[in-house]
Amino acid sequence: MERLILMTIMAIGIAGCKESIPPGEPNGFIQVKGSDTIVNAAQMVSEEFMKEYPHVFVAVTGGGSGVGIASLISKTCDVATASREMKPKEIETAKKHGVNPNEIVVAYDGVAVIVNKENSVDKLNIEQLHNIYTGKSTNWKDFGGKDKPIVTLSREVSSGTHMYFKEEVVQLGKKDNKDEFSDKTLLLTSSQAIVEEVAANPDAIGYLGMGYVSDRTKALMIAKNNEYYAPDINNVMRKKYPLSRPLFFYTNGEPTGITKLFVDFALGPKGQQQFADAGFVPVGEEIAEKN
């Protein structure tokens, strides 16, 4: 008898939910998965989106760009977020699985290099960063700091930021360069973990998307051609900061239905404002200028 009553209540509840959705009102579920760099901004976009479309639920999870791309290939997400471009091999694998990756630039980012606030070093160039992360330079005194060993921190290999930093700094942007991170580099699972470690360790250095820059650590000025720039919206927008990059959404072909609705919202004024509020540069120049 109790089981019958419970089933009746559930049936009434389900029927009530169905009746509460007006005809033609968008409804359903969207899975967004991938980049740890973008996860906070994507969550902010999804919350604003669900205010306008209350019958569409958007679930946002991180794990790294590699995780998102793998989910796109296995068709277990609707939108993959990535802080790097898909590799040719990943695109080839995707097509073998019947997935046609569609790349969408949703914002721009500067990869910030952070140190402890007690560290007297304020700026480094790309060559110096290369030497630090490959283990050629191991002491802060080489850069005007204290006579202390440098503790290098990195994101794990599934991270798009890890891949970007490896290509642009460790390998100096050269395709034939085979240099790797020093084997003493500590791999951490998230950008927030890097913030926590740098804030607690006076000798540490790490890198992350500029959306994670805070007053708990110090972001260094970085130079490529003897001109030093800070990782901020102004310098990234004008492409002066040397570690600037686009951030991506990937879908299986051109998005349709509620997925298209979400992507269009993310690229629209309200969605782009969320990326700006999260510390990134919007793709729309008007919103970027305002911020």
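Structure's up top.
Rules and cut-offs
Residues numbered from 1 in each chain as written. Predicted model: local features only at pLDDT ≥ 70, side-chain atom pairs only at ≥ 80, totals over all residues. Heavy atoms only, no water. Pairing = 2+ DSSP bridges. Helix = DSSP H or I, 4+ residues; strand = E, 2+ residues; numbered from the N terminus. Core = buried A, V, L, I, M, F, W, Y, C linked by side-chain atoms within 4.5 Å. Buried < 20%, exposed > 50% of the residue type's maximum accessible area, 1.4 Å probe, protein only. Contact = heavy atoms within 4.5 Å. Polar contact = N/O pair within 3.5 Å; in protein donor to acceptor, adjacent residues only side chain to side chain. Patch = residues over 30% accessible without salt bridge, like charges linked within 9 Å, V, L, I, M, F, W, Y side chains within 5 Å. Areas by Shrake-Rupley, 256 points an atom, 1.4 Å probe, with all protein chains shown as cover. Salt bridge = Lys/Arg side-chain N within 4 Å of Asp/Glu carboxyl O.

Undergrad: What exactly am I supposed to notice about the sheet that holds strand β5 (residues 123–125) here?
TA: Across a sheet, paired strands are connected by hydrogen bonds in the backbone, their directions being either parallel or antiparallel. Strand order in this open sheet of 3 strands is β5-β10-β11, and the pairing throughout is mixed. Looking at strand neighbours, the two that pair on one side only are β5 and β11 (228–229), the edges of this open sheet. Taken together, the 3 bridges between β5 and strand β10 (residues 221–223) define a ladder with parallel strand orientation. Across the sheet, the residue bridging to N125 is A223, located in β10.

Undergrad: In this structure, what is going on with the nonpolar core? I would like to understand it.
TA: Side chains that are nonpolar tend, in soluble globular proteins, to be buried together. With 35 residues, the main nonpolar core has I30, V58, F249, F262 and F275 as its most contacted residues. Of all the secondary structure elements, the ones that give two or more residues to this core are β1 (28–34), α2 (39–52), β2 (56–61), β4 (101–115), α7 (191–200), β8 (204–209), β12 (244–252) and α9 (257–267). Not counting the four nearest positions on each side in its chain, I30 is found in contact with F49, V56, F57, V58, A59, D78, I258, T259 and F262. Counting 28 residues, the second-largest nonpolar core is a separate cluster that includes V111, L129, F165 and V169.

Undergrad: How do you make sense of the side chain of N177 when you look at a structure like this?
TA: On the secondary structure map, N177 appears in the loop between α6 (160–170) and β7 (186–188). Within the structure, N177 has its side chain in polar contact with the backbone oxygen of Q171 (distance 3.2 Å). The residues touching N177, leaving out its near neighbours within four places in the chain, are V170, Q171 and L172.

Undergrad: Would you take a moment to explain a nonpolar patch on the surface for this structure?
TA: Together, Y108, L267 and V283 make up an exposed nonpolar region whose accessible area comes to about 220 Å². Mapped onto the fold, V283 is located in the loop between β13 (281–282) and α11 (285–290). Here V283 falls in the partly exposed class, since its relative accessible area comes to 34%.

Undergrad: What is the right way to look at the pattern of salt bridges in this model?
TA: Side-chain pairing between opposite charges can occur once the charged atoms of the two side chains come close. Under the criterion given, the structure shown has 13 salt bridges. Close ionic contact of E90 with R84 constitutes a salt bridge, the shortest N to O distance being 2.8 Å. The exposure class assigned to R84 is buried, which follows from its relative accessible area of 10%. One salt bridge connects R245 with D109, and the closest N-O pair in it is separated by 2.8 Å. Of this pair, R245 sits in strand β12 while D109 sits in strand β4; the two residues are 136 residues apart in sequence, bridging distant segments of the chain. On the basis of relative accessibility, which here comes to 3%, the residue R245 falls in the buried class. Several salt bridges share partner residues, and in doing so they unite D36, R155 and E156 into one network.

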